[in-house]
Amino acid sequence: MENVRVYRSVNAGDRFFGLELADGALLLLVFFLAFSFNREGLFGNGLVLLLAYFGIRALKRNKPEGYVLDLTRYVLGSRFKSVGSFDEAETMDEKGSPK
């Protein structure tokens, strides 16, 4: 039986310049933020974009697929999902002591 050379794994996610789709969206966000703060600085914004690209690549090194997306969800997600309403036993009177 002959070995067949396969150039792309079917189970691997789509990548463009080593970035997944979510990473590209993050890079696009950096692009828009850089140009919204400094419209005239093409060289400076390009440098910021290049540093962001290499930063994402360094962050993703030896990590599983979807790592940056999960990390972004963790950072942006709130620590406390909801605050329950106070019971009557927890309310305070005018003097600041519990009822």
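Predicted model, so just to flag it, every value in this text is computed and none were measured.

**Student:** I'm lost on the overall build of the protein in this one. Help?
**Tutor:** A count of helices and strands for the protein gives 3 helices and 0 strands. Of the regular secondary structure in the protein, the N- to C-terminal order runs α-α-α. Scored against the burial criterion, the 99 residues of the protein give a buried share of 13%. Surface summary for the protein: the accessible area is close to 9,200 Å², and the carbon and sulfur share equals 62%.

**Student:** Just to check I follow, could you spell out the packing of aromatic side chains for this structure?
**Tutor:** To describe a pair of aromatic rings, one takes the distance between the centres and the angle between the planes. Counted by the stated rule, this structure contains 3 aromatic pairs. Where Phe-31 meets Phe-32, the ring centres are 5.5 Å apart and the plane angle is 70°; that geometry is what we call edge-to-face. With centroids separated by 5.2 Å and ring planes inclined at 65°, the aromatic side chains of Tyr-53 and Phe-54 adopt a geometry described as edge-to-face. A relative accessible area of 49% means that Phe-54 is categorised as partly exposed. Here the aromatic cluster, defined as three or more aromatic residues joined through ring pairs, consists of Phe-31, Phe-32 and Phe-35. The lysine or arginine in question, Lys-63, covers the ring of Tyr-67, its NZ or CZ lying 5.4 Å from the ring centre.

**Student:** What should I look at first to understand helix α1 (residues 21-37) in this one?
**Tutor:** Counted at 1.5 Å a residue, the expected span for α1 with its 17 residues is 24 Å, and the 25 Å between its end C-alpha atoms agrees. Tucked into the core, α1 has its buried residues touching α2 (42-60) and α3 (67-76).

**Student:** How should the nonpolar core be read in this particular structure?
**Tutor:** One recurring pattern in soluble globular proteins is that nonpolar side chains are buried together. With 6 residues, the main nonpolar core is built from Leu-19, Leu-27, Ala-52, Tyr-53, Ile-56 and Val-68. Element by element, the count of residues in this core is highest for α2, at 3 residues.

**Student:** Is there a simple way to explain unusual backbone geometry in this structure?
**Tutor:** Negative phi is the rule for most residues except glycine; trans is the rule for most peptide bonds. Within the chain, Asn-62 stands out as a residue other than glycine whose phi angle is a positive 60°. For Asn-62, the location among the structural elements is in the loop between α2 and α3.

**Student:** Help me out: how do you make sense of the confidence of the model for the protein in this one?
**Tutor:** Should the pLDDT be low somewhere, the predicted coordinates at that spot are not to be read in detail. Per-residue confidence for the protein gives a mean pLDDT of 77, with 69% of residues at or over 70. For the protein, α3 is the element with the lowest average pLDDT, namely 79, and α2 is the one with the highest, namely 89.

**Student:** Can you help me understand the pattern of salt bridges in this one?
**Tutor:** Between side chains of opposite charge, a pair can form as their charged atoms come close. Applying the stated rule across the entire model yields 3 salt bridges. With a closest N to O distance of 3.5 Å, Glu-20 and Lys-60 form a salt bridge. With Glu-20 in the segment before α1 and Lys-60 in helix α2, this residue pair connects regions lying 40 residues apart in the sequence. We classify Lys-60 as buried; its relative accessible area is 9%. Ionic pairing is found between Asp-23 and Lys-60, a salt bridge with its closest N-O pair at 2.9 Å. Of this pair, Asp-23 sits in helix α1 while Lys-60 sits in helix α2, placing them 37 residues apart in sequence. A single salt-bridge network, built from bridges that share partners, covers Glu-20, Asp-23 and Lys-60.

Quick notes on the rules
Residues numbered from 1 in each chain as written. Predicted model: local features only at pLDDT ≥ 70, side-chain atom pairs only at ≥ 80, totals over all residues. Heavy atoms only, no water. Helix = DSSP H or I, 4+ residues; strand = E, 2+ residues; numbered from the N terminus. Buried < 20%, exposed > 50% of the residue type's maximum accessible area, 1.4 Å probe, protein only. Areas by Shrake-Rupley, 256 points an atom, 1.4 Å probe, with all protein chains shown as cover. Phe/Tyr/Trp six-rings, centres within 6.5 Å; stacked < 30°, edge-to-face > 60°. Lys NZ or Arg CZ within 6 Å of the ring centre and 35° of its normal. Expected span 1.5 Å × (residues − 1). Contact = heavy atoms within 4.5 Å. Core = buried A, V, L, I, M, F, W, Y, C linked by side-chain atoms within 4.5 Å. pLDDT = per-residue confidence, 0-100. Salt bridge = Lys/Arg side-chain N within 4 Å of Asp/Glu carboxyl O.

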